[in-house]
Amino acid sequence: VEFTGDADAALERGEFQLYLQPIVSLATESLCGYEALLRWNHPRHGLMTPDRFADVLVAERIGLRIQEHVLELALLQLREHGDRIGVLSVNFTSAQLAGPRAAKRVLDRLAHHGLPASSLCVEITEGVMLDRASDSILANLRMLHDAGVCIALDDFGTGYASLVHLRQLPVDRIKIDRSFVAGIDQANGGTMAIVRAIVGLGRGLGKVVVAEGIETEAQGLRLRQLGCQLGQGYLYGRPSPRLLQSDAPSAAE
Ligand code: G
Ligand code: G
Ligand code: NA
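The name recorded for the chain in an unreviewed UniProt entry is Diguanylate cyclase (GGDEF) domain-containing protein, from Sphingomonas jatrophae.

### Notes on the pairing of strand β1 (residues 16-25)
Working note: regular strand, side chains alternate between the two faces of the sheet. As defined by bridge partners, β1 adjoins strand β2 (residues 31-42) across nine bridges and the pair is classed as antiparallel. Each residue of the ladder has a partner; that of P22, found in β2, is Y34. The turn linking β1 back onto β2 is made up of five residues, and E29 within it adopts a positive phi angle of 60°. Pairing of β1 with strand β9 (residues 230-231), which is carried by two bridges, proceeds in the antiparallel orientation. Along β9, the bridge assignment pairs V24 with G231.

### Section: the site of ligand 2
Taken together, 14 residues lie near ligand 2, and G213, E215, G233, Y234 and P239 sit nearest. Its residues placed into classes, the shell around ligand 2 shows four nonpolar, five polar and five charged. Both domains that meet at the shell around ligand 2, namely domain 1 (7-174) and domain 2 (175-237), each give it at least three residues.

### Some words on the domain arrangement of the chain
Here the chain is described as being made up of domain 1 (7-174) and domain 2 (175-237). Taken over C-alpha atoms, the centre of domain 1 sits 22 Å from the centre of domain 2. Facing the 20 residues of domain 1 at the interface are 22 residues of domain 2. If you list the elements that add at least two residues to the side of domain 1 that touches domain 2, you get β1, β2, β6 (150-156) and β7 (173-176).

### Things to note about the nonpolar core
In terms of nonpolar packing, the biggest core is built from 67 residues, with A74, L88, V90, V122, I151 and I176 touching the most fellow members. Two domains each put at least three residues into this core: domain 1 (7-174) and domain 2 (175-237). The residues contacting A74, other than those within four sequence positions of it, are L18, A36, L88 and V90.

### Some points on the site of ligand 1
Near ligand 1, the surroundings consist of L37, L38, T49, P50, D51, Q67, V70, N91, T93 and P239. Listed by contribution, the elements that provide at least two residues to the shell around ligand 1 are β2, α2 (50-59) and α3 (63-85).

Procedures and definitions
For every chain, the first residue of the written sequence is number 1, and numbering continues from 1 onward in sequence order. Key to labels: chains lettered from A, ligands numbered from 1, both in the order written. In keeping with the predicted nature of the model, local features appear solely for residues at pLDDT of at least 70, side-chain atom pairs appear and are counted solely at 80 or more, and the whole-chain, interface and lining totals rest on all residues. Strand pairing is assigned whenever DSSP detects at least two bridges linking the two strands. The secondary structure listing takes helices from DSSP runs of H or I that are at least 4 residues long and strands from runs of E that are at least 2 residues long, numbered from the N terminus. In this text, near has one meaning. A residue is near a molecule or strand if its C-beta atom, placed using the backbone, is within 6 Å of it. Think of it as three bins: nonpolar holds Ala, Val, Leu, Ile, Met, Phe, Trp, Tyr, Cys and Pro, charged holds Asp, Glu, Lys and Arg, and polar takes everything else, Gly as well. These domain boundaries are the output of an automatic or database domain assignment. C-beta atoms are placed from the backbone for every residue, and two residues are taken to be in contact when these atoms lie within 7 Å. Any nonpolar core is a set of buried residues, restricted to Ala, Val, Leu, Ile, Met, Phe, Trp, Tyr and Cys, that join up through C-beta atoms within 7 Å. Burial in this document is a count-based property: other C-beta atoms within 10 Å of a residue's C-beta are tallied, and the residue is buried at 20 or more, exposed at 12 or fewer, or partly exposed in between, with C-beta positions derived from the backbone.

Next up, the structure:
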């Protein structure tokens with residue numbers, strides 16, 4: 001642990017905030033949603049990304065409460081600016097998806113705010129399937145999916161059993177990890193072949209394929225040519241506390 005923060009007091013003071021990063025249609029470059037990314041705006045350490053404070057949350061056993069706060073902040077954003085956001089993607093942990101009432105709780109919060117289930121996309125990594133509670137997590141994901149919540153499988157291809165998990169999980173979207181996108185315009189290394197295969201696999205299974213970490217026009221064009229539908233990255237917009245000044249988002253497909 002790099003520092004001990006009083007995460008509990010920080011939560012009360014509103015130091016945990018969401019930054020939003022646009023997700024666009026690669027064919028038209030039009031907005032179709034955002035991903036909510038957690039930041040801790042600390043008075044002494046400044047603005048921190050989760051990799052810097054994740055250990056603190058574990059040490060102070062406050063991870064689950066922070067995640068619930070993240071969902072609530074995300075739903076408030078949707079309630080206030082839903083017409084400008086489109087579908088809002090929120091990162092979920094396995095702890096948040098375990099237990100008999102996890103999905104019901106999320107659906108209740110959506111209903112409480114008068115939001116359609118389809119306005120939320122739950123992002124998970126395949127790591128959730130390595131959790132002891134994977135049966136319960138799977139049941140909750142099915143319930144969310146059946147209710148119309150979008151489920152996205154993040155960092156796809158970086159785990160050790162991606163294909164097994166892709167078959168088991170009720171997934172609507174797969175997100176190509178940015179490490180693959182970064183290598184796509186190098187001639188050697190075979191990254192291009194891997195990305196082509198992931199897009200083919202995803203589309204063959206009827207999933208929407210999202211590429212993360214797109215930084216250059218060449219990467220965006222290449223991914224679009226390969227049939228990847230959605231994209232996210234600094235090229236289209238950095239994570240920001242503000243929404244883009246743009247027209248209303250279009251449907252994701
Ligand atoms: O921009 P970025 O540094 O936010 O994200 C770093 C990592 O932290 C990413 O892998 C991202 O998925 C993860 N992350 C961002 N926001 C959240 C969140 O609200 N909850 C969880 N569990 N992870 C998050
Ligand atoms: O793992 P997760 O998908 O949630 O990824 C989000 C992370 O990727 C965040 O840390 C975010 O700041 C970072 N990110 C978003 N777009 C880009 C990009 O174009 N390039 C790089 N290097 N990182 C990005
Ligand atoms: Na994510």
